[in-house]
Every structure is written in structure tokens, then in C-alpha cells.
Amino acid sequence: MKTEEAKPLTVGLILVGPYNDKGYSQAQYEGGKYVEAKMGAKLVYLDKVNPADRPGLTIPQVVDDLIEKGADLIIAGSDDMKDGILEAAAMHPDKAFVHVSGDAAWTGKAPANLGNLFGRMVYSKMMAGFTAGMTTQTGKIGVVGPLVNEETRRLIASAYLGARYAWTEVRGKDAKDLTFDVKWIGFWFNIPGVTSDPTQVAGSLYDAGCDVLISGIDTPEVLTVAKQRRDAGKNVWAMPYDYEKACEGQGDICLGVPYFNWGPGFLRVAQQVQAGNYKPGFEWDAPYWANINDADKSPVGFMPGEGMSAETKTALDAFTAKLGNGELDLFTGPLNYQDGTPFLKDGETATDKQIWYLPQLLEGMKGLSSSK
């Protein structure tokens, strides 16, 4: 008797920005296409799901539409979808849900059919910061940040720790001579009339003497400004975010890019859902340290750009090896919060929850720790 073949899985993906933004949303879209290619699944998606592009549209409405199109697994891609995806998951207990970047499965607030998935981008951001700290000639590094929340504080603090390590431990300079200035635009990408303009924010940081900018936003404006400054004769560099190919075609202004590789994590969950054995939980996936840029194994990576010097590349490889083998943990005290209150005592190592829920920026960083 011929057995009936399993119906191909349909994955529904909700993207906060355009699917082709050369940043965060494109990385997730390509993660969905990876699942399609690897297991014959079907991808259905809606992009630009945010109050500016689609005012009045709710996450439960998007989920209803994706389920009507056959979605068996729903992946919500952005932190600001957290309330809506909890509501939608409760309304569809027979479907599997994943919220990327949230923590509801960790805190016990998630329904039984919703899990959380994120890559340990803190390490890639440390590598970005290290690269900036090795490269800067002025000792002034700027960050164009999105909105202020636990995720963005955690990631930008990680970049600072990497920069400070390169500046003090490798280059032998005084931490007091390093400036690390964070300016926030107010959302993950530019919304005219709502956010600050990232091109203007980047320009103001270069005007203030920063010669390396690290982007924390979903789109590549920081590279555009860096290129304009370089064309005008300024010795500046930049690092985009999120998307593996963001440095391509940018020349030697681009030092490298910390990026998400969603394919392996999405595929693991999709295979479990199809097999009927997905157990939703909180998954914060570590890099594949044997090769952080392995497309089939590492959830995060750091792709060097043309602007990275051979000396910096050698130092970065040694730094990455120490992170990977546990010899170096930058979230080790003594560390204070930005307001001077203690974060970690001398020799104390931060727990995952202390890192995840970082309540302030760190001492030595300039910029707002909250939006209030």
C-alpha cells in the first residue's frame, strides 16, 4: 500500500522592514528562502509591517492572512511585534509560532505553542567593536543606534567592550582616551517625520571627530554617508549591520559587517514542526566557533570588509579565537553602569539574564540609556 507523502510545510514570515532592505529584514527573508531550498517548504511573507508603512494593521490580522495562505509555522521578526504575536498565538493554538528577539518563553508569558529564537549577536558586535577600536585614528567611535531597548543596549554595550579591549589591551592605550558616542534615531530604520534622519545623525558624528561609525539600524545609510565623506577627502570608515553582503560594492570604507544568518535556526524549527516534535522554548543560539561564517551552521557571523587592514584581521582572528574557547569573556567585572553604579564586581561574570536585560549602557559610553 502506498503511503501518502507529508504535505510540504508552509512558513509564514512577518518582516518589520522591506524584504530587500540590505539589512535585518532581508537577512530574515533569505533565511526563509534557505528553508524553502533545504526542505522543500513554501514561504509566504508580509514585509513592511510597521506603523508607518501599514498604519492600523495588527499582528493578529497579519497572522490570520498568513494562515489563510496555508502557514503552519509563523515567524514574527521584530521585538516590537511581541504583544501582537502573543495574542495571535493564543488565538491559533494548533499552529506553531516563533518570535525572533523576544523573551516570552523565558519569562513564562508565552502560550505553549510559541517559542523565542535569537542568535548571540553580542559576539559579532564585540568583533565589530574590536575592529573599530583597532582602526580608529582619532580614538572617537560613533554609533548610529535604532530605538532604545534591552536588545539595543546589550548589543551596543558589546561593541563598546570589544572596542575598549582592542584600544587598551592590543594597542596599549588609555581607556580615558577612547570616545564611544551613541546617537539613537528612534526606530529600526528611517521614518521621515517620525525618527531622526540617520544620514544627518551619521554626519553629526563624523563632524564631532568620529572616524569610525558602527551602525545599529536595519538599513545602510551609514555607509552612504561614509562614502560621501571619503569622496570629500576624509579618512573615515563605517560598519553596517544585519546582512552578510552589506559591504559588497562599498570599497574600503567598509570595515566589515556583523550579521544574522537565520537559515540554520529557521530550518531547525521548521523541521521540528513538520516532524511534530517542536517544543517551543527560549533559544539563544551561540556562534559556530570553528567557522563563524559557516552559512549552514552559524546563526551569527562577522564578514570582514575591504577596509580592514591585514594587521587588524590578524588581531581580530586572535580575539575571536579567545572568545570562542572561553579564554576571554568581556562581560567580566569590574564593570559599572553608565551612571557609575556597579554592574559586575571584579572577576564576576555576567549571567545570560544580566546581559539580555542590560538596564543601562556601560560606564565609558556616551549617549542616552533610555528614551525617557
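As the structure is a prediction and not an experimental result, all values here were calculated from the model.

### Concerning helix H1 (residues 24–39)
Here H1 contains 16 residues, and its C-alpha end-to-end distance of 23 Å stays within 8% of the 22 Å for a straight helix at 1.5 Å per residue. Buried residues of H1: Tyr24, Ser25, Gln26, Ala27, Gln28, Tyr29, Gly31, Gly32, Tyr34, Val35 and Met39, and no others. Residues of H1 that are buried in the fold lie against strand E1 (10–14), strand E2 (42–46), strand E4 (96–100), strand E5 (114–119), strand E10 (256–260) and helix H9 (263–275). A positive backbone phi angle near 70 degrees is found at Gly40, which sits one or two residues after H1.

### Remarks on the side chain of Thr195
For Thr195, the location among the structural elements is in the loop between strand E7 (179–184) and helix H7 (198–207). Looking at Thr195, its side chain comes within polar contact range of the side chain of Asn190, at 3.0 Å. A distance of 3.0 Å separates the side chain of Thr195 from the backbone nitrogen of Ile191, its partner in a polar contact. If near-sequence neighbours (up to four positions away) are discounted, Thr195 is found in contact with Ile185, Gly186, Phe187, Phe189 and Asn190.

### Observations concerning the pairing of E2
Across five bridges, E1 lies against E2 in parallel orientation. Directly across from Leu13, in E2, lies its bridge partner Tyr45. For the crossover that starts at E1, traverses H1 and ends in the parallel E2, the hand is right-handed.

### Brief notes about the domain arrangement of the chain
When cut into domains, the chain gives domain 1 (10–119 + 262–285) and domain 2 (122–259 + 305–366). On the side of domain 2, 19 residues touch domain 1, which itself brings 23 residues to the contact. Taken together, the two surfaces of domain 1 and domain 2 that pack against each other cover about 1800 Å², and 66% of this comes from carbon and sulfur. Taken together, the connections running from domain 1 to domain 2 amount to zero salt bridges. Linking domain 1 with domain 2 are six residue pairs in polar contact (both at pLDDT 80 or more), by the criterion used here. Among the elements of the structure, H1, helix H4 (104–107) and strand E11 (282–285) are those that each provide at least two residues to the side of domain 1 that touches domain 2. Among the elements that line the side of domain 1 that touches domain 2, the one with the most residues is H1, at four residues. Here the side of domain 1 that touches domain 2 is composed, by residue class, of eight nonpolar, eight polar and seven charged.

How each quantity is defined
Residues numbered from 1 in each chain as written. Predicted model: local features only at pLDDT ≥ 70, side-chain atom pairs only at ≥ 80, totals over all residues. Heavy atoms only, no water. Helix = DSSP H or I, 4+ residues; strand = E, 2+ residues; numbered from the N terminus. Expected span 1.5 Å × (residues − 1). Buried < 20%, exposed > 50% of the residue type's maximum accessible area, 1.4 Å probe, protein only. Contact = heavy atoms within 4.5 Å. Polar contact = N/O pair within 3.5 Å; in protein donor to acceptor, adjacent residues only side chain to side chain. Pairing = 2+ DSSP bridges. Right-handed = clockwise from strand over helix to strand, strands pointing away. Domains from an automatic or database assignment. Buried area = accessible area lost by both parts, 1.4 Å probe. Salt bridge = Lys/Arg side-chain N within 4 Å of Asp/Glu carboxyl O. Nonpolar A, V, L, I, M, F, W, Y, C, P; charged D, E, K, R; others polar.

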